[in-house]
Amino acid sequence: MPKIVCARLEKIQRDFLWGGGNLDRKPHLVNWKTVCLEKSRGGLGVRGLSVMNQALLCKWCWRFANERDSLWRLVISTKFGEEAGGWYTRDIRGGFGTGLWKDIRKEWLTFSQNAIPSLGNGRRLGFWKDPWCDETVLSQAFPTLFNLAAQKDARVVDVWDSSVEVGVWSPVFLINDWELDEVERFFLFLHNKKVRSVQEDRLLLKESITDGFSVRHMYRKLMFSPPLDFPSRSIWNPIVPPKLGFFAWEASWENKDGLEKQLKELKAAGVNGVMEDVWWGIVESKGPKLYDWNAYRSLFELIQQCGLKIQAIMSFHQCGGNVGDVVNIPLPQWVLDVGESDPHIFYTNRTGNRNKEYLTIGVDNQSLFGGRTAIYNDYMQSFRDNMSDLLEAGLVIDIEVGLGPAGELRYPSYPQSQGWVFPGIGEFQCYDKYLKAEFLEAATGAGHPEWELPDNAGAYNDTPKSTEFFGSNGTYLTEKGKFFLTWYSNKLLGHGDQILEEANKIFLGYKVKLAAKVSGIHWWYKSDSHAAELTAGYYNLQDRDGYRPIARMLSRHYATLDFTCLEMRDSEQSANAKSGPQELVQQVLSGGWRENIEVAGENALARYDSTAYNQILLNARPNGVNKDGPPKLKMSGLTYLRLSDDLLEAKNFSIFKTFVKKMHADQDYCPDPNKYNSPIVPLEKSKPKIPIQDLLEATKPMVPFPFDKQTDMSVDGGGLSD
């Protein structure tokens, strides 16, 4: 079929697919070559006419090569002549009367690249120059012997001695003693290769299961695309209506192409990399230790192609139910099934409500999950083993280990799914049977077996003053209250310490940084009891630092402290919430720097205004840029939440690009972290375990480092040149 005819027919096919029976002119949302892929490869299985025509022409090339005695072949070979071996005709240079075979002859190269010789009697195959021996050209595999060969243009049959019963190879060399080892290797290579005198030499399609020519097989080879993790089984499900399946197929490709475009825009803006949650609920959804990393490999490879780095989050929590969540990814179903028979594996409040965002730390050392505990080391090992090449290539440079709801080291004290609204104080989450038993054991060991968990701390949306526990001269100030809060917060420290130790063992030696995220609970920070922080597990008061012990624990594992709410200002918060985001950030970052660890951070809410960007810049370098070297106080990294269509809107993205430039201190983008004083070195082994007494020494309050009132790198103007 002439190419111009193929092109016009395919245009009609495309217009029909996207425009319907009236062939309306509508945008073609997916590349036509993609449409023509098989469904399992992400296409619709539509036959591409130009490729099908090419496959049919290749069949004639195959027939000419193999059908030696056919009348039509004799006519063609007589008219146009043959090349050596008689596999194909000479090039056709004439005009009149040659068009049909000329088009067939043009496809010889395509066909030959997808064909392999099959040795028969050896009369048509060159011994040295054709790939008849395991697809190997002997002149290339043994160039020294080829140069010494007496017959460089010999046919295979010319080198085969059939005078003996079994037949032997008998090439002739002009050889010296020092080439004997090469000759021995040469004959070992030819071992088990024999000429079959009763069969003709043939050309076969590569990877074909028959000796014949399959047009379908050739078509598939010509339509080859790299393996792709495409949800074809979910989309083309018999129970899914075809129209809905088509919509899902269209959306899948549009999302992939759209994501690639967005990632390239980020790269062009000077962004170093992207953060990606690696969801437990996706990877291990099929059953215990049945991991499926295909989707993440495809995503990571796309990010790599766009020239970006990856901060991988080991997300052992549910997605959904927190501020900013727009999708729902539950814990693996087989884990939820365990919870059906033992609901105490989930965090529980005083009234018995279960929270399925994250497994309670009470089961950290309970073998309840297919013989495993909730320390997640098997999952992290599988990630390492399946992504080792990407780790070694320096693509994944940061492993943030999820340690609680929203991936944060805290209790799920303020779940929107259970009715919490800002600025409620939240509730303690330690009333599952496992944590209740541990508290009883601890209280008994302290000589107070009569002490029980709090029953006077109020409900999710109470204020501190409305409760007996957090009110003026409340329970939190008593011996019993202090004991409980110490136990409650220490359990959180131990949980983070244990999982990070496992993560350190797993990623030891790789050039990655470990990190842990701490939540920015800024409401009620300026009240005496800090109630919202206490229910979340941060035992932080005016005379007690609840964050520096976390930083000290992280220092043992060479881990970064990742903090939130960097964009917030006190003046933006309602007065009745007694919020102090600026003072909270100052306290937490200072605690990290005093413990000699790296600190990083992120914004809590999506913001696109200069006020938010300037506040982030101030927190990233509290005392500004040091023109004589790196600033003494600086964050090691920032994760901006989040990539969206709103961010990429023209006005928003313009100010975002300015913000990225200011984060780089008005300097050009530098891909080498060593040049901006943040080298990524092989992860060292965790230091010896820090006694709890030493950790608690860090609760002693210290005056935070002073922060400037405003950044010297404002997105509104100002910088090094000023």
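Everything in this summary refers to the structure shown in the same document. (Residues numbered from 1 in each chain as written. Predicted model: local features only at pLDDT ≥ 70, side-chain atom pairs only at ≥ 80, totals over all residues. Heavy atoms only, no water.)

With respect to the helices, strands and loops of the structure, Asn355 is situated in strand β8 (residues 354–359). Within the structure, Asn355 has its side chain in polar contact with the backbone nitrogen of Glu357 (distance 2.9 Å). (Helix = DSSP H or I, 4+ residues; strand = E, 2+ residues; numbered from the N terminus. Polar contact = N/O pair within 3.5 Å; in protein donor to acceptor, adjacent residues only side chain to side chain.)

The subject of this paragraph is the state of the cysteines. Summed over all chains, the structure comprises zero disulfides. The structure places no disulfide on Cys61, whose sulfur is separated from the nearest cysteine sulfur, that of Cys58, by 5.6 Å. What makes Cys61 buried here is its relative accessible area of 5%. (Disulfide = S-S within 2.5 Å. Buried < 20%, exposed > 50% of the residue type's maximum accessible area, 1.4 Å probe, protein only.)

Another aspect to go through is the pairing of strand β6 (residues 309–315). Side-chain positions along a regular strand alternate between the two faces of the sheet. Counting buried residues along β6, six of its seven residues qualify, which places the element largely inside the surrounding structure. Strand direction decides the pairing type here: strand β5 (residues 273–279) and β6, joined by seven bridges, are parallel. Bridging from a neighbouring strand, Val278 pairs with Met314 of β6. Here five bridges tie β6 to strand β9 (residues 396–401), and the two strands are oriented parallel to one another. Within β9, the position partnered with Gln311 by the bridge is Asp398. (Pairing = 2+ DSSP bridges.)

A surface patch of nonpolar side chains, about 450 Å² in accessible area, is lined by Met1, Ile4, Val5, Leu9 and Ile12. Along the polypeptide, Leu9 turns up in helix α1 (residues 3–19). (Patch = residues over 30% accessible without salt bridge, like charges linked within 9 Å, V, L, I, M, F, W, Y side chains within 5 Å. Areas by Shrake-Rupley, 256 points an atom, 1.4 Å probe, with all protein chains shown as cover. Salt bridge = Lys/Arg side-chain N within 4 Å of Asp/Glu carboxyl O.)

This brings us to the packing of aromatic side chains. In the structure shown here, the tally under the stated rule is 61 aromatic pairs. Relative to Phe316, the ring of Trp280 lies with its centre 6.4 Å away and its plane at 80 degrees, an arrangement referred to as edge-to-face. With Trp280 in helix α13 (residues 280–283) and Phe316 in the loop between β6 and α15 (333–341), this pair connects stretches of sequence that are 36 residues apart. With respect to burial, Trp280 and Phe316 carry one shared label: buried. By way of ring pairs, the aromatic residues Trp280, Tyr291, Trp293, Tyr296, Phe300, Phe316, Trp334, Tyr358, Tyr376, Tyr379, Phe383 and Phe507 are connected into one cluster. (Phe/Tyr/Trp six-rings, centres within 6.5 Å; stacked < 30°, edge-to-face > 60°.)

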